[in-house]
Structure formats: C-alpha cells, structure tokens
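Working through the structure, step by step
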Amino acid sequence: MRREKTLVDKEQPIFSTRAHVFQIDPNTKKNWVPTSKHAVTVSYFYDSTRNVYRIISLDGSKAIINSTITPNMTFTKTSQKFGQWADSRANTVYGLGFSSEHHLSKFAEKFQEFKEAARLAKEKSQEKMELTSTPSQESAGGDLQSPLTPESINGTDDERTPDVTQNAEPRAEPAQNALPFSHSTAISKHWEAELAALKGNNAKLTAALLESTANVKQWKQQLAAYQEEAERLHKRVTELECVSSQANAVHTHKTELNQTIQELEETLKVKEEEIERLKQEIDNARELQEQRDSLSQKLQGLWEDGGVVSSRERASLRVAIQMLEYSNVSKTRRYI
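Residues numbered from 1 in each chain as written. Predicted model: local features only at pLDDT ≥ 70, side-chain atom pairs only at ≥ 80, totals over all residues. Heavy atoms only, no water.

Looking at the packing of aromatic side chains
Formally: Ring pairs shown here join Phe, Tyr and Trp side chains whose ring centres sit within 6.5 Å, with only the six-membered ring taken for Trp; geometry is labelled stacked below 30 degrees between planes, edge-to-face above 60, and tilted in between. Segments assigned H or I by DSSP are reported as helices when at least four residues long, segments assigned E as strands when at least two residues long, and all are numbered from the N terminus. Relative accessibility under 20% of the residue-type maximum defines a buried residue, over 50% an exposed one, and the middle range a partly exposed one, all with a 1.4 Å probe and only protein chains included.
One pass over the structure, following the stated rule, counts 14 aromatic pairs. Here Tyr-53 and Phe-114 contribute two aromatic rings whose centre-to-centre distance is 5.2 Å and whose plane-to-plane angle is 10°, an arrangement assigned as stacked. Placement of Tyr-53 in strand β4 (residues 52-59) and of Phe-114 in helix α2 (residues 101-139) is noted, with a sequence separation of 61 residues between them. This pair shows no difference in class: Tyr-53 is buried, exactly as Phe-114 is. With a centroid separation of 6.1 Å and an interplanar angle of 50°, the aromatic rings of Trp-85 and Phe-111 are classed as tilted.

Here it is as structure tokens:
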C-alpha cells in the first residue's frame, strides 16, 4: 500500500473525474462488486520514467484501481452512464458508474487517447530494441534467425561466458536450434486448452441465445393477450355508457376502466421496448459468436500447423481470447 502511494506521488495526474468503482466478481464472473461506498476520484497518471499510462483510484489509503493502459485494452460503454474495461494483468474487469453521460464520454475519449499514446510508446521501444539487436544479428552471418525469447534479449549462459562461447564446437548448435520446436509443442498444447475453453463458452452462449429466443416468443404472446384485454375493456366501457342509468356509477366505472387501460398501454409499451432490446442483444450475441468462430479457426490452424508463434502474436491472441471470454461472461449474465 505504501508503494502504491509512493508511485502516485512520483507521477502527475493528467485527467481526473469522479465515479463509482466496481469490479467483476472473481468467483462468478457475472456480478459486479462495488469497491467504493461512494463516488471517488479516478485519475489518469503518466509515468515518465517507464513511459506508461495508468488509471489509479484511491479510496482513502486503499488503491481500488491500479491499471496500466496497454494498446490491446478496450473501454466499452455498456449504458449511458456506465463503462468497463478488462485488465489481463490484474485478471479482472473494472466498471465505472458516472453521474452523467458527458463524464462517461470524456473518460472514454481520454482512454482512447492514452491507449494510442501507449501504442506509439511501445512501437518506439520495439524499434530501439531492434536497432540494439541488429549488430548481433549481422555478426551471425548465414545462421538462421532464432525466435525472440528471453534468452535472446538478456543473453544465455553461454553468451555471458565469452571463453566458453569461443571454444564451443559447431555440433552444439543443433541442440540450441531444437529449442523452438519443443517450445512450439508446449504452445500448441496451451492453445489446445484455450480452444477447448472457448468451445465451452460457445456452448453456453448458444444456450443463452436459445433461451432469449424463447423469451421473445413469450413476450409476443403476452403482448397479444394484453391487446385483447384492452379491446375487451374498451367494449365494456361502451356498454356501461349505453345501458347504465346511474350516471355517477357509470362515471366511476369508466374512470377505473380508463385507468386500467392506461396501465395496460404503459405495460404494452414497456414490453415492446423489452422485445426490441432482446432483438438487439441477439444480434450482438450473433456477431460475438462470429468473432469467436474466426478466432477458433485461427487457433485451430496454429494448433494443427504446430509452427513457432512469435511473442507478439501470442500476446495478441491471449488478449483477444480474454476479451472474448469477458464479453461472453457479460452477455451470458444479461441473458440469464
């Protein structure tokens, strides 16, 4: 906790707002858990020493948000006053409830702005790394270029011992070149597990879509029943006005019936809006399923080929999978 406060003291806030802070329930992955009893200050910070942007929020002395913005993050508006983003490093999803739509839009704009800045900073860092590694690559002559690994950046034990390297025999090279193949096998097994988990989430999403379709049919039946009831009440009002000899009683019945009709009409309007919302959610869920299918095909292809995947591709695929899983969780919770 003291470390978090020290980091905040060294950094300067570049944008601040107030919002209610939530986190996704780590057990159910469905419900939101409030982490602040009231609206707190949520700020964007820039760390010039590490050239990174962070979102930080303190509730008293407790850090309830400490999220480093990466180029793969996405801030999603789920309603007029609520937005969320997934942080794979913290293994959670943060949610913010704002007092107005304007505050939400402003926060989303800043998120996109600093996300782009983080992307540019990452590209510059990678360019510097490539320029630094260029001399060693040129000195390798006709050797095959090995994949980017922690050993290629920091140097292997052999590289850190010049005498051993200079006296090493050429036959030691195949063993080193065989390392990417075994590493690729481990990656293939990992993607196989990810693909199996993704298929399980797809089955849950399909069940939720079927349930949503059944709910739409049920709402339509109830809507037709309400319309019939409204017509019957209108006829009843007409009959009472024609046959009743007591004007006061007729007036009282008419008032009650009109009130009932108004309530039914309001209920009909609510049900119609609910049907439209469900239709929109079904379309969104279908689009999400198409994205899932595309990613599944790509993962299946990587698994079948058994080829070496770069660290950047692994990171991109991992983040895509986590974002898809969080989206599946959010969509499934709405349907249920």
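So that's the structure; there's more coming.
Considerations on the pairing of strand β5 (residues 62-68)
Quick note on the threshold: Should DSSP find at least two bridges between two strands, the strands are regarded as paired.
Relative to β5, β4 runs antiparallel, the two being bridged by six bridges. Along β5, the bridge assignment pairs Ser-57 with Ile-65. The antiparallel pairing of β4 with β5 creates a hairpin that spans two residues between the two strands, and Gly-60 there sits at a positive phi of about 75°.

With respect to the nonpolar core
The condition is simple: Each nonpolar core is a collection of buried residues, namely Ala, Val, Leu, Ile, Met, Phe, Trp, Tyr and Cys, held together in the definition by side-chain atoms within 4.5 Å. By definition, residues are in contact when any of their heavy atoms lie within 4.5 Å.
Formed by 22 residues in total, the largest nonpolar core has its most connected members in Tyr-44, Ile-55, Ile-65, Trp-85, Leu-96 and Phe-107. Among the elements that take part in this core, α2 stands out by supplying five residues, more than any other. In this view, Trp-85 contacts Ile-55, Ile-65, Ser-67, Met-73, Thr-74, Phe-75, Thr-92, Val-93, Tyr-94, Leu-96, Phe-107 and Phe-111; residues no more than four positions away in its chain are not counted. Core analysis: the second largest hydrophobic core is formed by seven residues, Leu-278, Ile-282, Ala-285 and Leu-288 among them.

So, the side chain of Lys-271
As a reminder, the rule being used: Neither His nor the chain ends is counted toward charge; the positive residues are Lys and Arg and the negative residues Asp and Glu. What makes a salt bridge here is a side-chain nitrogen of Lys or Arg within 4 Å of a carboxyl oxygen of Asp or Glu, nothing more.
You can see Lys-271 is positioned in helix α7 (residues 247-305). There is no salt bridge for the buried Lys-271, and the closest opposite charge comes from Glu-274, which lies 7.4 Å off by N-O distance. Discounting residues that sit within four places of it in the chain, Lys-271 has contacts with Trp-219, Gln-222 and Tyr-226.

Remarks on the pairing of strand β3 (residues 40-47)
For β3, a buried count of six out of eight residues is recorded, marking the element as mostly surrounded by other parts of the structure. As paired strands, strand β1 (residues 12-24) and β3 are joined by seven bridges and run antiparallel to one another. Looking at β3, one finds that Arg-18 is bridged to Thr-41. With six bridges connecting them, β3 and β4 associate as antiparallel partners. Note on β4: the bridge partner recorded for Tyr-44 is Ile-55. Linkage of β3 to β4, two consecutive antiparallel strands, is achieved through a turn of four residues, within which Asn-51 is found at a positive phi near 60°.

Geometric values such as these leave the question of function open.
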